[in-house]
Amino acid sequence: MSTPFWGPDFGQLADTDPEIAEVVLDELARLRGGLQLIASENLTSPAVLAALGSTLSNKYAEGYPGRRYYGGCEVVDRAEEIGIARAKELFGAEHANLQPHSGASANFAVYAALLNPGDTVLAMSLPHGGHLTHGSKVSFSGKWFDVAAYGVREDTELIDYDQVRELARERRPKMIICGATAYPRLIDFAAFRSIADEVGAWLMVDAAHFIGLVAGGAIPSPVPYADVVSFTTHKVLRGPRGGMILAREELAARIDKAVFPFSQGGPLMHAVAAKAVALREAATPAYARYARQVIANAQVLSGGLAAEGIRPVAGGTDTHLALLDLRELDVSGRDAEARCGAASITLNKNAIPYDPQPPAISSGIRVGTPAVTTQGMGEGEMKEIAGLIARAVRDPAAAAEIATAVSALVTKYPAYPR
Ligand code: DSN
C-alpha cells in the first residue's frame, strides 16, 4: 500500500466521544461475556470490520460501476466490481447486486422489479416461520400486494407443498416466495420451481437465513431454481449488516433499477466493500468447514434439548437453527428468553406453528449456532449448552450458577480474542 491505512482508531473515538466509546466497549463486553444464540446473528471478522470502518463511507456513488452520477468513483467502482464478480462465482449466479442496505430493502426491490401494487404473491405465513416482508399486513408487502399464505402441516410441521400447489392454482400469483426465518428443515426448491412454472409465476427465494450454508456448500443452492435470490449478508454468511440480490441475466436491469434509483439512493460503499471481503472469506475451505460445523452443532444442540424434554419443532434441524416448543414445560417463550438472558444466554422467543399464544408471548424459542461456531465451539460444547438452556428455562433461581458455567465456556472460546 502506498499510503498508510486510516482505519478504526478506538483511541480517537474514546477522546472525541467517550459516551459512544463506552457503548462500543460495553457491546463488545456483552458479546464476549455470554452465549450468542440468535440464529440470525454472527461475529463478523476483523477484516470485514476494517472495511466497514474505512473512508469508503464518504463516497457518494449513485449508479453502478462505470455508470455513476458523481465524479471520483473510479476507486469505489473497484470494490463493487470485485464484490459482484465474487458473488457471481461463489453462488454460480448470472447477476448480483450488492447495494441493498438490508434484507427488507432487498426484498422491496425484488417486489418493485417484478410486480405492480395489487398483484398477487404467494408466500409463507409469518406465524409459520415466514418474514414480515413476505406479506405481513404491517409491512409494504401485505399493504400493497394481494397475499396468499401457505404454512406447515400440523402433523409434520413441514411445508405443505400440496397446499402451496392448491393455493397457486386457485390464486394464480405473479410471484411465489420461499425462504423463512424460523423453519429448521431444508426447502424443496425444485418443488417450488415446478409449482411456479405450472402457474406462470416468478420464483423468489429469500435465502437470508441459510445463504451462508449454501456458500459453504453445506446445503443445496436455490440459485439453479430461482428467478431471484435475495438475502442478508450478516447471518451465517458472516459479513457486514446488509443485503444482496442474485438474479438471472434477463432480470438484471430490472433488479438494478429497482434498487437504484427506485428504492434507494447512494450505496453504502464501505458496506459494499465489506460484503466483498465476506465473499472472499466465504470462498475458502476453512469457511466450508465452518458451514458444515454450524449444522452439526445445531443438530447436537437440538438433540440435546430434545433429551432435556424440550421438543424441537419439525423433529430437529437440517440447518443452523432449531425451533423449540416449550409447552410441555409450561413456560412461555417470553419468560424463557428472559430466564436465559439472566443466565448470560442470548436467544429469542419465537412463535411455533399453530401457536396458541400471541407473538409477544409465544410458546417457543429459536436457537442458532452461527456465532458459537465462529468462536470455535463444537459438538461437546453444544451438549453442555443444551443442558444450560434447559436448566435456565426451568429454574430461574439457578441463573447465577448457569452464568458462571457460561463464563467458563466463553473464556475458553472467546468472541474477538484479544
Ligand atoms: N430479523 C431476522 C431474524 O431474526 O430472523 C429476520 O429478518
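In this text the structure is predicted, and so the values were computed from the model without any measurement.

Caption draft 1: How the structure looks around the site of the ligand. Lining the immediate surroundings of the ligand are S40, H131, T181, H209 and R366. The separation between an oxygen atom of the ligand and a polar side-chain atom of R366 is 2.8 Å. Relative to its unbound accessible area of 230 Å², the ligand is 62% covered by the protein chains.

Caption draft 2: Geometry of the sheet that holds strand β14 (residues 348-350). What the four strands build is an open sheet, ordered β11-β12-β15-β14; its pairing is antiparallel. Each having just a single partner strand, β11 (311-312) and β14 make up the two edges of the open sheet.

Caption draft 3: Structural detail: helix α5 (residues 103-114). Along its 12 residues, α5 runs 17 Å from first to last C-alpha, staying within 8% of the 16 Å computed at 1.5 Å per residue. Taken residue by residue, α5 has G103, A106, N107, A109, V110, Y111, A113 and L114 as its buried positions. For α5, the N-terminal capping position is held by S102, with its side-chain oxygen 3.4 Å away from the main-chain nitrogen of A104.

Caption draft 4: Just the layout of surface pockets, in detail. The volume enclosed by the largest pocket comes to roughly 1,000 Å³. Residue lining of the largest pocket: 28 residues in total, with V24, L31, T44, L49 and Y416 positioned closest to the centre. Tallying contributions element by element places helix α2 (residues 18-33) first for the lining of the largest pocket, with seven residues. Split by residue class, the lining of the largest pocket holds 16 nonpolar, six polar and six charged.

Caption draft 5: Region of the structure containing a nonpolar patch on the surface. Together, F10, I20, V23, V24 and L25 make up an exposed nonpolar region whose accessible area comes to about 410 Å². By residue number, the principal contributor to the nonpolar patch is α2, which donates four residues. Positionally, V24 belongs in helix α2. Given a relative accessible area of 39%, V24 falls into the partly exposed group.

About the thresholds
Residues numbered from 1 in each chain as written. Predicted model: local features only at pLDDT ≥ 70, side-chain atom pairs only at ≥ 80, totals over all residues. Heavy atoms only, no water. Near = heavy atom within 4 Å. Polar contact = N/O pair within 3.5 Å; in protein donor to acceptor, adjacent residues only side chain to side chain. Areas by Shrake-Rupley, 256 points an atom, 1.4 Å probe, with all protein chains shown as cover. Pairing = 2+ DSSP bridges. Helix = DSSP H or I, 4+ residues; strand = E, 2+ residues; numbered from the N terminus. Expected span 1.5 Å × (residues − 1). Buried < 20%, exposed > 50% of the residue type's maximum accessible area, 1.4 Å probe, protein only. 1 Å grid on protein atoms, 1.4 Å probe; cavity = no way out; pocket = protein on both sides within 12 Å on 5 of 7 lines; lining within 4 Å. Points joined across faces, edges and corners; volume = space filled by probe spheres on them. Nonpolar A, V, L, I, M, F, W, Y, C, P; charged D, E, K, R; others polar. Patch = residues over 30% accessible without salt bridge, like charges linked within 9 Å, V, L, I, M, F, W, Y side chains within 5 Å. Salt bridge = Lys/Arg side-chain N within 4 Å of Asp/Glu carboxyl O.

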